[in-house]
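Working through the structure, step by step
The residues making up each chain are set out below.
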Amino acid sequence: MGFTDFIISNFNEFLSYTGFANTTIPNLIMIAVGAFFIWLAIKKDFEPLLLVPIGLGIILGNIPFRADAGLEIGLYEDNSVLNIFYQGVRNGWYPPLVFLGIGAMTDFSSLIANPKLILIGAAAQFGIFGAYMTALALGFEPNQAAGIAIIGGADGPTAIFLSSKTAPNLMGAIAVCAYSYMALVPVIQPFIMKVMTTKKERLIRMKSPRQVSQTERILFPIIGLLLTTFIVPSGLPLLGMLFFGNLLKESGKTTRLAKTAGSALNDIVVMLLGLTVGCSTQASEFLTMNTIFIFFIGACAFIVATASGVGFVKLMNLFLPKNKKINPLIGNAGVSAVPMSARISNNVGQEYDRHNFLLMHAMGPNVAGVIGSAVAAGALLGFLK
């Protein structure tokens, strides 16, 4: 072979490795989806901390290359960097660490001051079990249905944790769906809240919650851990880390650890989690009818969860004295999107009375929703195992 032939042969071989030579229409569709997520995050300010890593991950995971090249660069190729990062998703390492950060950043005082608000968080979990039944009706296996159903709690880390155990082949679609609906909380929930409430109900002013002592704040994560994990031991990885993070915050002696868990460590884990979840959405696995079904079930579950929370508050008000009525607008906060859904409660309330501050009240069912979704995930995991 002459020198010219050698150069041409190697150049042709090089071209066969490029993305241009291996591009497919599905790859381009998924790259456009990733770009759309980034646009939503930056232009519309829809949860940029979630959607920017996921959007870039979707693009990264759909860059075309020759699968038989042995380059060890793909997410599912052993020893690749992305595969090493992906172990945290596939083996369920990242979600408990996210829960550690949530616990370290969350103030449970509103829930401690008004324990009946936990019932609102429990009511919002109807979306999970309704989605489970719907998924079964659409032909999914029980294990797969469990992973899909948890989307109704609007809790991305819990969805990833459960689907990694019960439906790893659907985890990419489930995770992207869960985080998408979390980001769309400001779009979906206000309409449901307004449709289900009257103007008189939206103007209800609630009494300021009582002051909670430091002793109560310290005892809460310990008692909460014992109660929830004795009921659903299978939820221990999530619930244990949630209450551990909160104890670090409330003990008053581990402030440095709480700050690390709630800031630097949490940011690192969220970055890796979002990026690798996005990378797991290869077109061949993601662009299927199952994905369409998952997004449909997720939307229905999220709507049902929001409506269940609001409706349950209206039911409670039938039995509460006039001076203890609860504003139904905080019912939406029973889902696990902390603190997004609580902010929506406050924002919608102030549209009708700018002096009515519902944020602290809404944080009660909101943190109850975090606990509730983890308990529901543990119950489904324990039941299916």
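A brief look at the structure comes next. Position numbers for residues count from 1 along each chain, tracking the sequence in the order it is written. Local features in a predicted model are, by the rule used here, given only for residues with pLDDT of at least 70; side-chain atom pairs are given and counted only at 80 or more, and totals for whole chains, interfaces and linings are based on all residues. With hydrogens and water excluded, all non-hydrogen atoms of the structure serve as input to the side-chain values.

So, the packing of aromatic side chains
Which entries qualify depends on this criterion: For Phe, Tyr and Trp, rings pair up if their centres lie within 6.5 Å, where Trp contributes its six-membered ring, and each pair is then called stacked (planes under 30 degrees apart), edge-to-face (over 60) or tilted (otherwise). Secondary structure is summarised from DSSP: a helix means a run of H or I of at least four residues, a strand means a run of E of at least two, and numbering begins at the N terminus for each. Throughout this description, buried means an accessible area under 20% of the type-specific maximum (1.4 Å probe, protein chains only), exposed means over 50%, and partly exposed covers the range between.
Inspection of every chain in the model, using the stated rule, returns eight aromatic pairs. Aromatic side chains Tyr 76 and Tyr 86 sit 5.6 Å apart centroid to centroid with 85° between the ring planes, which places their arrangement in the edge-to-face category. With a gap of 10 residues between them, Tyr 76 in the loop between α4 (48-61) and α5 (81-90) and Tyr 86 in helix α5 connect regions that are remote in the sequence. A relative accessible area of 45% means that Tyr 76 is categorised as partly exposed. With relative accessibility at 4%, the residue Tyr 86 sits in the buried group. Summarising the aromatic geometry, the rings of Tyr 181 and Phe 295 are spaced 6.3 Å apart at their centres and angled 55° between planes, so their arrangement reads as tilted. Within this pair, whereas Tyr 181 is found in helix α12 (residues 171-183), its partner Phe 295 is found in helix α20 (residues 289-317), the two being separated by 114 residues in sequence.

Thoughts on unusual backbone geometry
A negative phi holds for most residues other than glycine; trans holds for most peptide bonds. A cis amide bond links Val 338 to the next residue, Pro 339, at an omega of -10°. Here Pro 339 shows up in the loop between α20 and α21 (340-352). Of note in this structure, Glu 47 is not a glycine but carries a positive phi near 40°. Relative to the elements of secondary structure, Glu 47 occurs in the loop between α3 (25-43) and α4.

Some remarks on the state of the cysteines
This is how it is decided: Count a disulfide wherever a pair of cysteine sulfur atoms falls within 2.5 Å.
What the rule picks out here adds up to zero disulfides. Left without a disulfide partner, Cys 177 is nearest to the cysteine sulfur of Cys 300, which lies 10 Å away. A relative accessible area of 33% places Cys 300 in the partly exposed class.

Observations regarding α3
Our working rule: Expected span of a helix, by definition, is 1.5 Å for each gap between consecutive residues, and there is one gap fewer than residues. Think of the arc as the fan of directions from the helix axis to the C-beta atoms.
Taking 1.5 Å of rise per residue, 19 residues should cover 27 Å, and α3 covers 26 Å from first to last C-alpha, within 8% of that figure. Looking only at α3, the buried set comprises Asn 27, Met 30, Gly 34, Phe 37, Ile 38, Leu 40 and Ala 41. Considered in projection along α3, the buried side chains sweep an arc of 160° and stay on one side of the axis. Residues Ile 25, Ile 42 and Lys 43 are exposed on α3 and point more than 90 degrees away from its buried face.

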